[in-house]
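Summary of the model geometry
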Number of protein chains: 2
Amino acid sequence: MTAPRSSTAQKSGSARPVPRSRIQKRNRQIILEAALEVFSTHGFRGATLDQIATEAGLSKPNLLYYFEGKEDIHRELLTQLLDTWLAPLRLLDPEGEPRTEIMEYMRRKLQMSRDYPRESRLFANEILQGAPRIEGFIRNDLRGQVDDTADMLQRWVDQGRIAPVDPYHLIFSIWALTQHYADFAAQIALIRGAGHEPHDGAEAFLEHLYSRLLAP
Amino acid sequence: MTAPRSSTAQKSGSARPVPRSRIQKRNRQIILEAALEVFSTHGFRGATLDQIATEAGLSKPNLLYYFEGKEDIHRELLTQLLDTWLAPLRLLDPEGEPRTEIMEYMRRKLQMSRDYPRESRLFANEILQGAPRIEGFIRNDLRGQVDDTADMLQRWVDQGRIAPVDPYHLIFSIWALTQHYADFAAQIALIRGAGHEPHDGAEAFLEHLYSRLLAP
DNA sequence: ATCAATTTTGACCATCCAGTCAAGAAGCTT
DNA sequence: AAGCTTCTTGACTGGATGGTCAAAATTGAT
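From a predicted model like this one, the values you see are computed outputs, not experimental measurements.

Let's shift gears to the pattern of salt bridges. For the structure shown, the criterion picks out 26 salt bridges over all chains. Arg 28 of chain B is the partner of Glu 76 of chain B in a salt bridge, and the nearest nitrogen-oxygen pair spans 4.0 Å. Taken together, the residues Glu 76 of chain B in helix 4 (residues 70–90) and Arg 28 of chain B in helix 1 (residues 22–46) connect sequence positions 48 residues apart. Under the relative-accessibility criterion, Arg 28 of chain B is labelled buried at 10%. Salt bridges linked by common partners bring Glu 104, Arg 107, Arg 108 and Glu 207 of chain A together as one network.

Written as structure tokens, this is what we have:
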């Protein structure tokens, strides 16, 4: 009858209804999966609820039984994404061997772009539009993490353990080079033809590139 | 009265009305400029004719006096863009000094991303959506150019004039690294703060990177 | 099996948006 | 300044789209 707004120890402000039944969990998941597919290729405004509903195999009103609206689905998707987006950065170990650590970070990002290309495109879409919905996240969460990482990289540079490079640009380069294979997959596929998969050879190339760049 | 379909020596098939009067030239330009602004940040479906009209300071019917429709404006914009997009690749000189040539290409691409960030984002948007409207261009024009360039790079590798790298990934890396500063400018701006401009330090970093990567 | 709670949906709105049209305003030519 | 052409726009239309609602179907506890 009413939409499923649970109340299990809810914070006052913005309510996040916790799915309870098995059906709720399952259908919310199905919807998010479908929405990811649609949003990541058409962007927020380009996507329609009907498209998402069809993709999910549900009716449009049914979608709106589980989510408060298009915006809500999108927000949920982004929130989940941003969590995993920051994770690799946190795994950088200040005590580790610098080049190994950076190489590992690059590999993790490349793997993410291979395993979750739609998430990468969802993110790219958002940034392209000027990051209206995740400005807060970038300014408050990501920025701090990046600053910390940059400090660490600078320390490694100062200690002569990696070649002297601008730490911010180093980080940006890893983002650019890894995400490119997901975000521009369509272009790469058209250029390389059907035989190849976009990521083919990328890891070897990037390993070569960063090992050359970072050698003291 | 009627829309301006000129007929000055027109090819039969898809008509491209050549603007004649000064007013036509001026207003088409104003519209394209406004459309670039809007399409590049909101994508094709996210943009509205009203937005473009407002941005251009014209009425919506007036827009449609100069162009056949939303699609037509967008197509014109992309066509103009793709011409300039290919240009830098053609400037690579097989007879030149390999590292200088590649470095020059990188610099030209970086400059384009600095001087024409909206064009870069328009292109990125298009690829993200799966390149529906420029598939032909990529398959027929870009691909050939890239293949030729890759052959040239491979020859340079074989002659030992640059370090052995996969030529396709080398090209992709230049695209990724240069366009990133335009396409992800919003993210970079939020991370680096108001003091910096996204491209600050990029050229030095990329020069360092490619000179390390390509040294035989 | 019964009955209340949960889930699903057909039918419906209201709004947005691309595109039309006919009439009016501004330019150009003589 | 007349008269033709080019340019501009207010008012409109039809279709798409986000969202609502009340009734029907299903599920689950007893």
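Taken together, 19 residues form the shell around DNA strand D, and within it Leu 49 of chain A together with Ser 21, Gln 24, Arg 45 and Tyr 66 of chain B come nearest. In DNA strand D, atoms within 4 Å of the protein come 48% from sugar and phosphate. Take Asn 62 of chain B: an N or O atom from its side chain is 3.2 Å from a phosphate oxygen of DNA strand D. When residues of the surface near DNA strand D are traced back to their parent elements, those giving at least two are helix 3 (60–66) of chain A together with helix 1 and helix 3 (60–66) of chain B. Residues belonging to the surface near DNA strand D are distributed by class as follows: nine nonpolar, seven polar and three charged.

This part covers the relation of the copies chain B and chain A. Its rotation angle being 180°, the transformation that places chain B on chain A also includes 0.0 Å of axial translation and leaves an RMSD of 0.0 Å. With respect to symmetry, the two chain copies, as superposed, fit the operation of a two-fold axis.

Turning our eyes to something else, we now look at the packing of aromatic side chains. All names here are of chain A. Counting across every chain of the model gives eight aromatic pairs over all chains. Between Trp 85 and Phe 123, the ring centres sit 5.3 Å apart and the planes meet at 35°, which makes this aromatic pair tilted. Of this pair, Trp 85 sits in helix 4 (residues 70–90) while Phe 123 sits in helix 6 (residues 117–128), and the two are 38 residues apart along the sequence. Across this residue pair, the class does not change: Trp 85 and Phe 123 are buried. Both rings, one in Phe 172 and one in Trp 175, keep their centres 5.7 Å apart while their planes meet at 50°; by these two values the pair is tilted. Taken as a pair, Phe 172 and Trp 175 lie in helix 8 (residues 167–183) at a separation of three residues, close to a single helical turn. The burial state of Phe 172 is the same as that of Trp 175; both residues are buried. Against the face of Phe 44 rests Lys 70, its NZ or CZ located 4.7 Å from the ring centre.

What counts and how
Residues numbered from 1 in each chain as written. Chains lettered and ligands numbered in written order. Predicted model: local features only at pLDDT ≥ 70, side-chain atom pairs only at ≥ 80, totals over all residues. Heavy atoms only, no water. Salt bridge = Lys/Arg side-chain N within 4 Å of Asp/Glu carboxyl O. Helix = DSSP H or I, 4+ residues; strand = E, 2+ residues; numbered from the N terminus. Buried < 20%, exposed > 50% of the residue type's maximum accessible area, 1.4 Å probe, protein only. Near = heavy atom within 4 Å. Polar contact = N/O pair within 3.5 Å; in protein donor to acceptor, adjacent residues only side chain to side chain. Nonpolar A, V, L, I, M, F, W, Y, C, P; charged D, E, K, R; others polar. Least-squares fit on C-alpha atoms with pLDDT ≥ 70 in both. Phe/Tyr/Trp six-rings, centres within 6.5 Å; stacked < 30°, edge-to-face > 60°. Lys NZ or Arg CZ within 6 Å of the ring centre and 35° of its normal.

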